[in-house]
Amino acid sequence: MNREAIIMALFSLVSTSASFATKSRRLKLWSSVPSSEKPALFLSERGDTYARASEAVPESVTMQLEIYIYTEAGKDDSVVPASTLNLLIDAVDTALAPNKLTGLQTLGGLVSHCWIEGKILKDAGDLDGDGVAVIPIKILVPRT
């Protein structure tokens, strides 16, 4: 397993899914990202879970990551902030779509599957203008 190659493949895929002004693997607070650098996408690693069904079965590793998307569409009264945030979430969702033949997203053959799992946290920015979405990602990596 090459974690760096896997994470770079994921980052390359999602960071080019929309016109993000900023894209980084180093998470920043949204208050530290100037308006000129939004929309922004950050990929943050959250940990790995090792599992083994039995001694005869090789272990698998599930990597957990989060994608943070920052917008400022709420600062424009003529825009519905949720619409802007939804378009960016949809772009990431589309980028992570599984292969139609296999039903899996393998990040170019590096992993068994990569997918969105769990609740996407959203604050569109209606009140203060700054929108954020946090998208939970899981990556299954078999160990042989």
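Our structure's up above, just so we're on the same page.
A brief structural summary. (Residues numbered from 1 in each chain as written. Predicted model: local features only at pLDDT ≥ 70, side-chain atom pairs only at ≥ 80, totals over all residues. Heavy atoms only, no water.)

Take A95: it is sitting in helix α2 (residues 81–95). Put simply, A95 and L10 are 85 residues apart on the chain and 9.5 Å apart in space, counted from C-alpha to C-alpha. Excluding anything up to four places from it in sequence, A95 contacts L13, S17 and Q105. (Helix = DSSP H or I, 4+ residues; strand = E, 2+ residues; numbered from the N terminus. Contact = heavy atoms within 4.5 Å.)

What follows concerns the pattern of salt bridges. For the structure on display, the rule yields eight salt bridges. The partner of E45 in a salt bridge is R25, with the nearest N and O atoms 3.2 Å apart. With a gap of 20 residues between them, E45 in strand β2 (residues 40–51) and R25 in the loop between β1 (22–24) and β2 connect regions that are remote in the sequence. Between K38 and D130 there is a salt bridge; the shortest N-O distance is 3.1 Å. Taken together, the residues span a long stretch of sequence, with K38 in the loop between β1 and β2 and D130 in the loop between β5 (121–123) and β6 (131–142) at a distance of 92 residues. Across the pair, exposure class does not vary: K38 and D130 are buried alike. Several salt bridges share partner residues, and in doing so they unite K38, E72, K75 and D130 into one network. (Salt bridge = Lys/Arg side-chain N within 4 Å of Asp/Glu carboxyl O. Buried < 20%, exposed > 50% of the residue type's maximum accessible area, 1.4 Å probe, protein only.)

Bear in mind that shape data such as this cannot, by itself, settle questions of function.
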